[in-house]
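Survey of secondary and tertiary structure
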Amino acid sequence: MLDLLIIGSGPAGLSAGVYAKRANLNFILAEKEFLGAGQIMNSIRVDNYLGFYGISGYDLGDKFRLHAEELRVPFLIGEAREILPVPGGWRVIFDKGDVQEARTLIYCGGTRTRHLDIMGQDAFGRKGIHSCVVCDGPYYKNKSVAVVGGGDTAIDTAKYLSDLANQVYLIHWMNEFQGNETTLDKLKADSRVEVLPNTSVLMALGQESLESLVLSNGRIIKVDGLFEAIGALPETEMLKEIAALDERGYIKAGEDCITSAPGLFAAGDVRTKRLRQVSTAVADGANAVYSVMEYLRRFE
Ligand SMILES: Cc1cc2nc3c(=O)[nH]c(=O)nc-3n(C[C@H](O)[C@H](O)[C@H](O)COP(=O)(O)OP(=O)(O)OC[C@H]3O[C@@H](n4cnc5c(N)ncnc54)[C@H](O)[C@@H]3O)c2cc1C
């Protein structure tokens, strides 16, 4: 049986991997994506991670991953599908039939994109409605696009698109935006950008692909693409019978990453916390391994 199994190689999982390696634990770090380094890889530019001002999210994720690889952190490519308590630890069943057992688990599964619930959504899922601007934004050079959301991701997405599209609409159902005010001010000053607070999208219309959006104020805007940036949902389906979750589905755990299930620790965006950022995820990875060490010592 392993000392530790870490699930997810985003910033939290990679940080946990680095600390676990240096603590000489017998462990594996499992990740479902080939060379995955978590959601930060979708960020266009990261300005708030200490020491790496202005780096692209992809490059930062790559550096995190390389750091772990240089220390020879043992990776397993696979999606954890089932987590079961067994005497003395945990059994994890992966998508390709792989089974691993460990005395402790650090779950760092992060979050996934939340999708809009509007009429027409299904028809245009892959023909005009997107959630990753780094992946799909370049298709909209000299076109008209809308971004829905009011936080950092929405503002960043609108900024990225404003550099290539002819027209960008930034649509938010509330009056106040919650993201970076400097970038928002730049968007407001850009003649190709229209910021629409107190507005929501009701319907997506088009023939073969997306052509226009019906807004809550009755206005119809012509767009070729729509980017959803309305937040995230925690990847905790597998854990709901195992550990206590909060009302939004995040795993209840404090800075020590200790959950309600003995031997199960939660690190990064997936746990209850005020601020979901790379810096807090990396800190969690370190704290979680510290808690794992304390837990294992009790049985020595
Ligand atoms: C567009 C965007 C821009 C951002 N910009 C910034 C920024 O500028 N600055 C900043 O500090 N933060 C930023 N963030 C937030 C930051 O990316 C997250 O806070 C951080 O990535 C959280 O790390 P994590 O390791 O907890 O989770 P994640 O990064 O979500 O990583 C979770 C990992 O777990 C894997 N996984 C999930 N389920 C399983 C499973 N069952 N089996 C195996 N593997 C699994 C996933 O594939 C993924 O690799 C941004 C986020 C987005 C989406």
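An account of the accompanying structure is given in this report.

About the thresholds
- Residues numbered from 1 in each chain as written.
- Predicted model: local features only at pLDDT ≥ 70, side-chain atom pairs only at ≥ 80, totals over all residues.
- Heavy atoms only, no water.
- Helix = DSSP H or I, 4+ residues; strand = E, 2+ residues; numbered from the N terminus.
- Buried < 20%, exposed > 50% of the residue type's maximum accessible area, 1.4 Å probe, protein only.
- Lys, Arg positive; Asp, Glu negative; His and termini not counted.
- Charge placed at Lys NZ, Arg CZ, Asp CG, Glu CD.
- Phe/Tyr/Trp six-rings, centres within 6.5 Å; stacked < 30°, edge-to-face > 60°.
- Lys NZ or Arg CZ within 6 Å of the ring centre and 35° of its normal.
- Salt bridge = Lys/Arg side-chain N within 4 Å of Asp/Glu carboxyl O.
- Contact = heavy atoms within 4.5 Å.
- Near = heavy atom within 4 Å.
- Polar contact = N/O pair within 3.5 Å; in protein donor to acceptor, adjacent residues only side chain to side chain.
- Areas by Shrake-Rupley, 256 points an atom, 1.4 Å probe, with all protein chains shown as cover.
- Nonpolar A, V, L, I, M, F, W, Y, C, P; charged D, E, K, R; others polar.
- Pairing = 2+ DSSP bridges.
- Axes fitted to C-alpha atoms, helices over the stretch in contact; angles between N-to-C directions.

**A look at the overall build of the chain**
Each helix and strand counted, the chain has 6 helices and 17 strands in total. Within the chain, the fraction of its 300 residues that count as buried is 49%. For the chain, the distance from the average site of its 32 positive side-chain charges to the average site of its 39 negative ones is 2 Å.

**Considering the packing of aromatic side chains**
Applying the stated rule across the entire model yields 5 aromatic pairs. Here the aromatic rings of Tyr-49 and Phe-52 are separated by 6.2 Å at their centres, their planes lie at 20 degrees, and the arrangement is stacked. Given a relative accessible area of 17%, Tyr-49 falls into the buried group. When the centroid spacing of 5.6 Å and the interplanar angle of 85 degrees are considered together, the rings of Tyr-49 and Phe-64 count as edge-to-face. Here Tyr-49, found in the loop between strand 2 (27-31) and helix 2 (57-70), pairs with Phe-64, found in helix 2; they are 15 residues apart in sequence, far enough to count as distant. Judged by its relative accessible area of 14%, Phe-64 is buried. An aromatic cluster of at least three residues, connected via ring pairs, comprises Tyr-49, Phe-52 and Phe-64. Taking the ring centre of Tyr-53 as reference, the NZ or CZ of Arg-45 above it sits at 5.3 Å.

**Focus: the pattern of salt bridges**
The final tally for this structure, using the stated rule, is 13 salt bridges. A salt bridge links Glu-69 to Arg-65, with the nearest nitrogen and oxygen atoms 3.2 Å apart. Linking Glu-69 with Arg-65, this pair stays in helix 2, spanning 4 residues, or about one helical turn. The class for Glu-69 is partly exposed, based on a relative accessible area of 34%. Residue Asp-284 is joined to Lys-273 by a salt bridge in which the shortest nitrogen-to-oxygen separation is 3.0 Å. Of this pair, Asp-284 sits in helix 6 (residues 278-297) while Lys-273 sits in the loop between strand 17 (264-266) and helix 6, and the two are 11 residues apart along the sequence.

**As for helix 4 (residues 152-162)**
In an α-helix, one turn spans 3.6 residues; hence positions three or four apart end up facing the same way. What helix 4 keeps buried is the set Ala-154, Ile-155, Thr-157, Ala-158, Tyr-160, Leu-161 and Ser-162. The inward-facing, buried residues of helix 4 contact helix 3 (133-136), strand 9 (144-148), strand 10 (167-171), helix 5 (181-189), strand 11 (193-196) and strand 15 (225-228).

**Overview of the site of the ligand**
Around the ligand sit 30 residues in total, of which Glu-31, Gln-39, Asn-48, Asp-269 and Val-278 are the nearest. Residue Ala-12 places a main-chain N or O atom 3.0 Å away from an oxygen atom belonging to the ligand. Here a nitrogen atom of the ligand sits 3.2 Å away from a polar atom, N or O, in the main chain of Lys-32. About the coverage of the ligand: the protein hides 89% of its 1000 Å² of free accessible area. Listing elements by their share of the shell around the ligand, those giving two or more residues are helix 1 (11-22) and helix 6. Residue composition of the shell around the ligand, by class: 10 nonpolar, 13 polar and 7 charged.

**Description of the sheet that holds strand 14 (residues 220-222)**
Taken together, 3 strands build an open sheet; the order of strands is 12-13-14 and the sheet is antiparallel. If you trace the sheet from one side to the other, it starts and ends with strand 12 (201-206) and strand 14, each paired once. Strand-to-strand, the axes of this sheet are offset by a mean angle of 25 degrees, without reference to chain direction. Bridging between strand 13 (residues 210-215) and strand 14 involves 3 bridges; their strand directions are antiparallel.

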